[in-house]
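Topology and contacts: notes
Here's the letter readout for the chains.
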Amino acid sequence: MTEVSVAKEDVAAPGELVVLKSVNKHFGALHVLQDIDLTIARGEVVVVIGPSGSGKSTLCRTINRLETIDSGTISIDGKPLPQEGKELARLRADVGMVFQSFNLFAHKTVLENVMLGQIKVRKADKKKAEEKARALLDRVGVASQADKYPAQLSGGQQQRVAIARALAMDPKVMLFDEPTSALDPEMINEVLEVMQQLAREGMTMIVVTHEMGFARSAANRVVFMADGRIVEEAAPDQFFSNPRSDRAKDFLSKIL
Ligand code: ADP
Ligand code: MG
């Protein structure tokens, strides 16, 4: 790899992909993110857990700049997230996001949903975009649904399309915000399996989830948030068997 000289604050250590430093965010009087320091290595899978209202979604939304921050810095692959403009659109495309609600374009077919961003943001030609979309739909197991509209698919299928759509942008990191919370129980596993596969293939992932089985088997690290702070982080085995903080102990006693 060639070393490029950059301004000091832009330097990320080798292997660091997402770096948050002293990030603070308020909603009015609510201090929703408090001095968040978080570094995600390339290829790392980090599961974020914590009580409702602890700031997990806001954390995800700041990483792809759906929310601004009040202070601190966020950088992706050594580049600070700009406030706005073309550069922002490009950097944001490096961060794939899958939400709890599937957020597919209702009036576009499944295939078109996966083609659109490639054409609009990545400037791919139509034929290439279609080829890639079909390959991705095949990879997430919904190739036969390509010409249907989202409403004609099950929730699990829609969520897999949402994953394919995010992957179509060749993201450097994928954020998942409770991707299975809105699904019927029998559909949860088909989505988790796609995520497991992505993790095995080396995708860098930040996953907010209550699926502790996924956390145990796929995560390199668990980050526990409460009241806008990172209270504890540890390897999954260590976190689940021996949480250090009272907040984490209390949380785990309620969900396990
Ligand atoms: P989590 O995902 O952990 O449940 P959120 O990040 O969604 O937590 O929310 C953290 C806190 O911020 C909650 O108290 C929530 O009500 C508040 N909040 C989230 N989004 C907004 C917003 N756009 N405006 C005002 N308050 C918000
Ligand atoms: Mg949330």
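What counts and what doesn't
Residues numbered from 1 in each chain as written. Chains lettered and ligands numbered in written order. Predicted model: local features only at pLDDT ≥ 70, side-chain atom pairs only at ≥ 80, totals over all residues. Heavy atoms only, no water. UniProt positions renumbered as here; feature names shortened; annotations may be inferred. Helix = DSSP H or I, 4+ residues; strand = E, 2+ residues; numbered from the N terminus. pLDDT = per-residue confidence, 0-100. Contact = heavy atoms within 4.5 Å. Pairing = 2+ DSSP bridges. Axes fitted to C-alpha atoms, helices over the stretch in contact; angles between N-to-C directions. Phe/Tyr/Trp six-rings, centres within 6.5 Å; stacked < 30°, edge-to-face > 60°. Buried < 20%, exposed > 50% of the residue type's maximum accessible area, 1.4 Å probe, protein only. Lys NZ or Arg CZ within 6 Å of the ring centre and 35° of its normal. Parallel < 35°, antiparallel > 145°, perpendicular 65-115°, else oblique. Left-handed = near helix turned anticlockwise from the far one by under 90°. Nonpolar A, V, L, I, M, F, W, Y, C, P; charged D, E, K, R; others polar. Near = heavy atom within 4 Å. Polar contact = N/O pair within 3.5 Å; in protein donor to acceptor, adjacent residues only side chain to side chain. Areas by Shrake-Rupley, 256 points an atom, 1.4 Å probe, with all protein chains shown as cover.

1. Here we look at the UniProt feature "domain: ABC transporter" (unreviewed entry) in the protein
Under the UniProt annotation, "domain: ABC transporter" (unreviewed entry) lies at residues 18–252. Across residues 18–252, the secondary structure splits into 38% helix and 26% strand, with the terminal C-alpha atoms separated by 27 Å.

2. Brief notes about the confidence of the model for the protein
Residue-level pLDDT values for the protein average 92, and 95% of them are 70 or greater. Taken together, the stretch residues 1–10 has pLDDT below 50 and engages in three contacts with residues farther than four places along the chain or on a different chain. For this predicted complex, the interface confidence reaches an ipTM of 0.98, while the overall pTM sits at 0.92.

3. Digging into the sheet that holds strand β5 (residues 79–80)
One open sheet accounts for four strands, arranged β2-β1-β4-β5; its pairing is antiparallel. Two strands lie at the open edges of the sheet, namely β2 (30–41) and β5, each paired on one side alone. Pairing of strand β1 (residues 16–27) with strand β4 (residues 71–76), which is carried by five bridges, proceeds in the antiparallel orientation. When the bridges of β4 are listed, Lys-21 appears paired with Thr-73. Each of β1, β2 and β4 is contacted by helix α1 (residues 56–63), which is oriented at about 60° to β2, the strand it contacts most.

4. Focus on the packing of aromatic side chains
Following the criterion strictly, the structure yields three aromatic pairs and no others. Relative to Phe-240, the ring of Phe-239 lies with its centre 5.4 Å away and its plane at 75°, an arrangement referred to as edge-to-face. Residues Phe-239 and Phe-240 agree in their burial class; the two are buried. A network of ring pairs unites the aromatic residues Phe-224, Phe-239, Phe-240 and Phe-251 as a single cluster. Above the face of the Phe-105 ring, Arg-165 is positioned so that its terminal group lies 5.0 Å from the ring centre.

5. Thoughts on the packing of helix α3 (residues 110–120) against helix α4 (residues 126–139)
Put simply, α3 and α4 touch, their axes get as near as 9 Å, and they point 130° apart. Regarding the angle of α3 to α4, the classification is oblique. Helix-helix and strand crossings are classified by hand; for α3 and α4 the assignment is right-handed. Counting all contacts with α3, which are made through Val-110, Leu-111, Val-114, Met-115, Gln-118 and Ile-119, the residues of α4 involved are Lys-126, Lys-128, Ala-129, Glu-130, Lys-132, Ala-133, Arg-134, Leu-136 and Leu-137.

6. Some points on the packing of α4 against helix α5 (residues 155–167)
Any two packed helices are characterised by the angle at which their axes cross and by the distance between the axes. Two numbers describe how α4 lies on α5: the axes approach to 9 Å, and their chain directions differ by 135°. One element, α4, and the other, α5, form an angle in the oblique class. Seen along the crossing, α4 lies across α5 with a hand that is right-handed. Taken together, the residues of α5 that come into contact with α4 (itself represented by Leu-136, Leu-137 and Arg-139) are Val-161, Ala-164 and Leu-167. A class-by-class count of the residues in the contact of α4 with α5 yields five nonpolar, no polar and one charged.

7. Digging into the site of ligand 1
Surrounding ligand 1, one finds Phe-27, Leu-30, Val-32, Pro-51, Ser-52, Gly-53, Ser-54, Gly-55, Lys-56, Ser-57 and Thr-58. Taking Ser-54, its main chain carries an N or O atom lying 3.1 Å from an oxygen atom of ligand 1. In isolation ligand 1 exposes 560 Å². Once the protein is present, 58% of that is buried. Those elements that place two or more of their residues in the shell around ligand 1 are β2 and α1. Take the shell around ligand 1: its biggest share by element is three residues, from α1. Here the residues of the shell around ligand 1 sort into four nonpolar, six polar and one charged.

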